[in-house]
Amino acid sequence: MIGIVLGSGLGPLADAVVVEREVSFAEAGLPASSVPGHDGKFLFGKLGGTSVVLMKGRVHLYEGHAPRLVTAGVRWMVEQGIQKLILTNAAGTLNLGFPPGTWMMLSDHLNLTGTSPLVGADFIDLSAAYDAAWRAEFRAAATASGMPLHEGVYAGLRGPQYETPAEIRMLRTLGADAVGMSTVLETIQARSLGIPVAAFSCLTNWAAGITAAHLDHHEVLETGKQAAQAMIGLLTDVLGRS
Ligand code: HPA
């Protein structure tokens, strides 16, 4: 079974799954999400013939939750028996070659949240946080279907405010291609449990200061909805082969 976490506005991905069973966040011991576009349930079913559990909605640091709670959903899915994890998120793009409306597969991340779900001591190796063999499969499938799929570094910040132009210049200097407020803690949690991870950013907007446009949560959700179809195709393709 594969776990899939759906980011902001990516709910339409759930429509591609033949759902067999639902479990609410409350039943799994998780807090309900307070953010529009984040639903709060697990859906068990099939995608491309493979057993999946979708985590529809997320728990974020910026809602005031502790890092262990932010990753409780990942631990719960591991208890349910997932062998691999796919994380999706909405992110701003800092890379002029990666326009909004396209997807970026994470090659690596910068954890800039200042915290970790492993606080207490667990010195895990993150030199290959995002599974190289699995990434090659996604890359090949995207190429075969003609889907643009960028690869780059995701900077995970605590939020909830979007960044200033100065912060975005700093992040570019640090080597980030995309910026968002999730994913990094979940990756760390999954890797500490030995679960391979693939992660994808739906690039919903230019990061602050890259263009004169203002950032707006509704724009993020709308772009996510429109780009969801391409990711449904990619996941159905790759999971259909595994
Ligand atoms: N910054 C941080 N998080 C985001 C953004 C952004 O520009 N867009 C979507 N999530």
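Residues numbered from 1 in each chain as written. Predicted model: local features only at pLDDT ≥ 70, side-chain atom pairs only at ≥ 80, totals over all residues. Heavy atoms only, no water.

A.B. asks: Explain the site of the ligand to me, using residue names and the numbers behind them.
C.D. replies: As a matter of local geometry, the ligand sits amid A90, A91, G92, Y162, E163, V179, G180, M181, T204, N205, L215 and V220. A distance of 3.3 Å separates a nitrogen atom of the ligand from a polar atom in the backbone of G92. Separating a nitrogen atom of the ligand from a side-chain N or O atom of E163 is a distance of 2.8 Å. Against a free-state accessible area of 260 Å², the protein chains account for coverage of 96% of the ligand. Listing elements by their share of the shell around the ligand, those giving two or more residues are β5 (84-93), β8 (178-180) and β9 (197-206). (Near = heavy atom within 4 Å. Polar contact = N/O pair within 3.5 Å; in protein donor to acceptor, adjacent residues only side chain to side chain. Areas by Shrake-Rupley, 256 points an atom, 1.4 Å probe, with all protein chains shown as cover. Helix = DSSP H or I, 4+ residues; strand = E, 2+ residues; numbered from the N terminus.)

A.B. asks: Lay out the packing of aromatic side chains in plain terms, naming residues and giving numbers.
C.D. replies: Overall, the coordinates contain 5 aromatic pairs when judged by the stated rule. Residues F42 and W76 carry aromatic rings whose centres are separated by 4.3 Å and whose planes lie at 35° to one another, so their mutual orientation is tilted. Taken together, the residues span a long stretch of sequence, with F42 in strand β3 (residues 41-47) and W76 in helix α2 (residues 72-79) at a distance of 34 residues. Residues F42 and W76 agree in their burial class; the two are buried. Between F138 and F200, the aromatic rings sit 4.9 Å apart at their centres with planes inclined by 75°, giving edge-to-face as the arrangement. Of this pair, F138 sits in helix α3 (residues 132-145) while F200 is found in strand β9, placing the two residues 62 residues apart along the sequence. A relative accessible area of 0% places F200 in the buried class. (Phe/Tyr/Trp six-rings, centres within 6.5 Å; stacked < 30°, edge-to-face > 60°. Buried < 20%, exposed > 50% of the residue type's maximum accessible area, 1.4 Å probe, protein only.)

A.B. asks: Kindly report on the environment of L171, identifying the contributing residues and their values.
C.D. replies: Mapped onto the elements, L171 comes out in helix α4 (residues 165-173). In this structure L171 comes out as buried when scored by relative accessible area, which is 0%. For L171, the contacting residues outside a window of four places in its chain are L94, L112, A155, L157, E163, A176 and V179. (Contact = heavy atoms within 4.5 Å.)

A.B. asks: Requested: an account of a nonpolar patch on the surface, with residues and values cited.
C.D. replies: Among the surface-exposed residues, L112, M170 and L174 lie close enough to one another that they form a single nonpolar patch of about 260 Å² accessible area. Looking at where L112 falls in the secondary structure, it is placed in the loop between β6 (103-111) and α3. Looking at L112, the relative accessible area reads 36%, which means it is partly exposed. (Patch = residues over 30% accessible without salt bridge, like charges linked within 9 Å, V, L, I, M, F, W, Y side chains within 5 Å. Salt bridge = Lys/Arg side-chain N within 4 Å of Asp/Glu carboxyl O.)

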